[in-house]
Amino acid sequence: MRGGTLLLLSAMKFQKTAAIMSVGDELTLGQTLDTNSKWLAQRLLEVGITARIHLTVADELDAQRAAFKQLSATCDVIVCTGGLGPTADDLTREALALATDDQLVIDEVSQSQVQAWFTSRGRVMADINNAQALRPSRGMSLPNLQGTAPGLYASITRGEEQVGVFCLPGPPREMIPMFEAQVLPRLRPDPDHQVQTRTLHCFGIGESDLAMRLGLLMERNHRPLVGTTASGGVVSIRIRHEGPMDDDAVRALSGVERACQKAAGEYYFGTDDSSFAMTIVRLLQERAQTLATVESCTGGLLAAMLTDVPGASTVYAGGLVVYSNEQKHAMLNISLERFAPGGPGAVSAETAGDMALCGREKLGATHALSITGVAGPGGGSKAKPVGTVWISRASSDRTADTRCFEFSGDRYNIRLWAAMCAMAMLRYKLLEIDGPLLRQSVRV
Ligand code: ATP
């Protein structure tokens, strides 16, 4: 590291807040999903730096320069990804030099590293790749061990302070190792500013109903801060503490966690990284019981969710996808008359019930879950509109439960909700509670 840069880094104040900037037309036009920002925000939070702004900027020099300036006015450190390639639309180097009132110079070490990257692969380096070795004269290059684009570090002056700017390549497989090896050791998180988060996941309750239950806990001046988010049918309570992590803070965090869990009641199913399927697998493991699935409109989605959980083989017996009426007949012995005009049809309590009962016996499991419904967008009728889904659970204790749900949304949502509600039905059976999610459904 150059002496000047060392000085710059040591003069830098502690960093509490970060801005994350993503560069690229493919991002602003919605052609590529910005996963870098999500990853960076989580990683920064783990070391005690809170991302306060995410900004996505097109491949335009002036917009990028202005973005660096704007972000440096309010945040302690900027992490930018993308736009470090060798082509004319890769403008991050130039924008950084403009924003730091500097000029670009060739970094000889970087130049030989880029050259060596090509040589080691038996390829001839194109002239345009020389541009990748450019860096602001007062900044530094960050080596890239996974690709050709070196990262950059420079700082923008804000009054008496220096705001560090790290520029990393766009591809996540290059960005992540560079962040870990080159950025993390150079960050200066405030030791008195620790960030601790807990996420409590709930299923079967809407976000506003959950907010009502949480009441004053969600006030914006409440510490630790409590908020909610909904994604994929799961509503999550997010608890965040910022500040010194002393005994009082530890007590406050666990007190609020307990209060939130209590408010969520039976809807709460797991914390932090736990998924709904993980909860089901764990509950079955604790009881040494097994599960089979028999799916029609979800086409194996429920099986995929369950088998996504490491260790699911200890409880998941297997699944059948019986999409056509012929397969429902051939695999489960359901009479073809069931599907004839005037009969209850494939989407019915009778079919769902038989699917679960026969499937459980066939696969020799403690429980079976079946799903049959109209996922749309076509195929709906007045009697069975798109979103009508019958779900059944059958168990070896001879209990069975078949319910009708009316889901809204598109095909993706209807299938997702069907798989989640099937798991919810089993969860309530395993916990021996009368599940509140089933209030909106018809019980037969
Ligand atoms: P390289 O020269 O190695 O491509 P670069 O810094 O020029 O690096 P970009 O050209 O901006 O990177 O992006 C290259 C690819 O990286 C994009 O096409 C996209 O697939 C991926 N990428 C870029 N930014 C992001 C992001 N924010 N989130 C997820 N993927 C991204």
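Read on for a plain summary of the structure. (Residues numbered from 1 in each chain as written. Predicted model: local features only at pLDDT ≥ 70, side-chain atom pairs only at ≥ 80, totals over all residues. Heavy atoms only, no water.)

**Here we look at the packing of aromatic side chains**
Threshold: Only centres within 6.5 Å qualify two rings of Phe, Tyr or Trp (six-membered ring in Trp) as a pair; their planes then separate them into stacked at under 30 degrees, edge-to-face at over 60, and tilted for everything else. The buried label applies to any residue whose accessible area, calculated with a 1.4 Å probe on protein chains only, is under 20% of its type's maximum; exposed applies above 50%, and partly exposed to all values in between.
Across all of its chains, the model carries eight aromatic pairs by this definition. Judged by centre distance (5.4 Å) and plane angle (75°), the rings of Trp117 and Phe118 are edge-to-face. Each member of the pair, Trp117 as well as Phe118, carries the same accessibility label: buried. The interplanar angle of 10° and the centroid separation of 5.4 Å between the aromatic rings of Phe405 and Phe407 together place this pair among those described as stacked.

**Topic: the site of the ligand**
As a reminder of what qualifies: A single heavy atom is enough: if one lies within 4 Å of a molecule or strand, its residue is considered near that molecule or strand. Polar contacts, as used here, are pairs of N or O atoms within 3.5 Å; protein pairs need one atom able to donate a hydrogen and one able to accept it. Residues neighboring in sequence count only if both atoms are side-chain atoms. Per-residue and other accessible areas were derived by the Shrake-Rupley procedure at a 1.4 Å probe size, with only the shown protein chains allowed to occlude residues. Only runs of H or I of at least four residues qualify as helices and only runs of E of at least two qualify as strands under DSSP, and these elements are numbered from the N terminus.
For the ligand, the set of nearby residues contains 18 residues, the closest of which are Asp34, Gly83, Leu84, Gly85 and Gly170. Within the backbone of Thr35, a nitrogen or oxygen atom sits 3.1 Å from a nitrogen atom of the ligand. Separating an oxygen atom of the ligand from a backbone N or O atom of Gly85 is a distance of 2.7 Å. In isolation the ligand has 620 Å² of accessible area, and contact with the protein removes 76% of it. Among the elements of the structure, helix H2 (25–28), helix H3 (35–46) and helix H7 (172–183) are those that each provide at least two residues to the shell around the ligand.

**Brief notes about the pattern of salt bridges**
Formally: Salt bridge, as used here, is a side-chain nitrogen of Lys or Arg placed within 4 Å of a carboxyl oxygen of Asp or Glu.
With the rule as written, the count across this model stands at 16 salt bridges. We note a salt bridge from Lys16 to Asp190, for which the minimum N-O separation is 3.9 Å. Of this pair, Lys16 sits in the loop between helix H1 (3–11) and strand E1 (17–23) while Asp190 sits in the loop between H7 and strand E9 (194–203); the two residues are 174 residues apart in sequence, bridging distant segments of the chain. Given a relative accessible area of 37%, Lys16 falls into the partly exposed group. Its relative accessible area of 13% is what places Asp190 among the buried residues.

**With respect to a negative patch on the surface**
Put simply, the rule reads: Patch building starts from residues that exceed 30% relative accessible area and form no salt bridge, then joins like charges within 9 Å and nonpolar side chains (Val, Leu, Ile, Met, Phe, Trp, Tyr) within 5 Å. Only four residue types enter the tally: Lys and Arg on the positive side, Asp and Glu on the negative side; His and the chain ends are excluded. By convention, charge coordinates are those of NZ in Lys, CZ in Arg, CG in Asp, or CD in Glu.
Among the surface-exposed residues, Asp25, Glu26, Glu60 and Asp89 lie close enough to one another that they form a single negatively charged patch. Note on placement: Asp89 falls in the loop between strand E3 (77–81) and helix H5 (92–99). We classify Asp89 as partly exposed; its relative accessible area is 40%.

**A word on the pairing of strand E7 (residues 151–158)**
We apply this condition: The pairing criterion is simple: DSSP has to find at least two bridges between the two strands.
Most of E7 sits out of view: six of its eight residues are buried. In terms of strand pairing, strand E6 (residues 140–142) meets E7 through three bridges, oriented antiparallel. Bridge assignment links Met140 to a residue of E7, and that residue is Tyr153. When E7 meets strand E8 (residues 161–168), the two strands line up antiparallel, connected through seven bridges. Across the sheet, the residue bridging to Thr157 is Gln162, located in E8. Once E7 ends, the chain turns through two residues before running back antiparallel as E8, passing Gly159 with a positive phi of about 60°.

**Quick word on the sheet that holds E7**
Defined as follows: Every axis corresponds to a line fitted to the C-alpha atoms, with the helix fit spanning only the stretch in contact, and the corresponding angles, defined between N-to-C directions, vary from 0 to 180 degrees. Two residues qualify as a contact provided that any one of their heavy atoms is within 4.5 Å of a heavy atom in the partner residue.
Strands sit in the order E2-E1-E3-E8-E7-E6 across an open sheet of six strands; the sheet is mixed. The strands lining the two open edges of the sheet, one partner per strand, are strand E2 (50–57) and E6. Strand-to-strand twist of the sheet, defined as the mean angle between neighbouring strand axes without regard to direction, takes the value 25°. Where H3 meets the sheet, it contacts E1, E2 and E3, and its direction lies at approximately 160° from that of E1. Packed on one face of the sheet, helix H4 (residues 61–74) meets E1, E2, E3, E7 and E8 and runs near 165° to E2.

**Some words on H3**
To keep things clear, this is the line we draw: For a helix, the expected span equals 1.5 Å multiplied by the residue count minus one.
Under the 1.5 Å per step criterion, the end-to-end length of H3 is 17 Å for 12 residues, consistent within 8% with the ideal 16 Å. Residues of H3 that are buried in the fold lie against E1, E2, E3 and H7.

**What to know about the side chain of Thr366**
As for its position among the elements, Thr366 is in the loop between helix H13 (349–363) and strand E15 (367–373). Overall, the relative accessible area of 18% leaves Thr366 in the buried class. For Thr366, the side chain forms a polar contact with the main-chain nitrogen of Thr290, separated by 2.8 Å.

**Things to note about the environment of Ser395**
For Ser395, the position within the fold is in strand E16 (residues 388–395). Along the primary structure Ser395 and Lys429 are separated by 34 residues, whereas in three dimensions their C-alpha atoms are 9.2 Å apart.

**Remarks on the nonpolar core**
How we decide: Working definition of a nonpolar core: buried Ala, Val, Leu, Ile, Met, Phe, Trp, Tyr and Cys residues. They are joined through side-chain atoms within 4.5 Å.
Counting 39 residues, the largest nonpolar core has Leu302, Leu306, Ile371, Ile391, Met420 and Met423 as the members making the most contacts within it. Secondary-structure elements contributing two or more residues to this core are helix H10 (276–287), helix H11 (301–307), E15, E16 and helix H14 (411–431). A per-element tally of this core places H14 first, with 13 residues. Sequence-distant contacts of Leu302, defined by excluding residues within four places in its chain, comprise Thr293, Glu295, Leu369, Ile371, Ala419, Ala422 and Met423. Within the second largest apolar cluster, 21 residues are counted, among which are Val57, Ile156, Val163 and Cys167.

**Points about the side chain of Thr372**
By the secondary structure assignment, Thr372 is in strand E15. Taking the relative accessible area as the measure of exposure, Thr372 reaches 1% and is therefore buried. Of note is the side chain of Thr372, whose polar atom sits 2.8 Å from the backbone oxygen of Ala346. The contact partners of Thr372, leaving out residues within four places of it in the chain, are Ser296, Cys297, Lys328, Ala346, Val347, Ser348, Ala352, Met355, Thr388, Val389 and Trp390.

**Considering the state of the cysteines**
Counted only if it meets this: Put simply, a disulfide is two cysteine sulfurs that come within 2.5 Å.
What the rule picks out here adds up to zero disulfides. For the unlinked cysteine Cys80, the closest cysteine sulfur is that of Cys167, found at 4.4 Å. Cys358 takes part in no disulfide bond, and the closest cysteine sulfur, belonging to Cys297, lies 18 Å away. Relative accessible area serves as the criterion here: at 27%, Cys358 is assigned to the partly exposed category.

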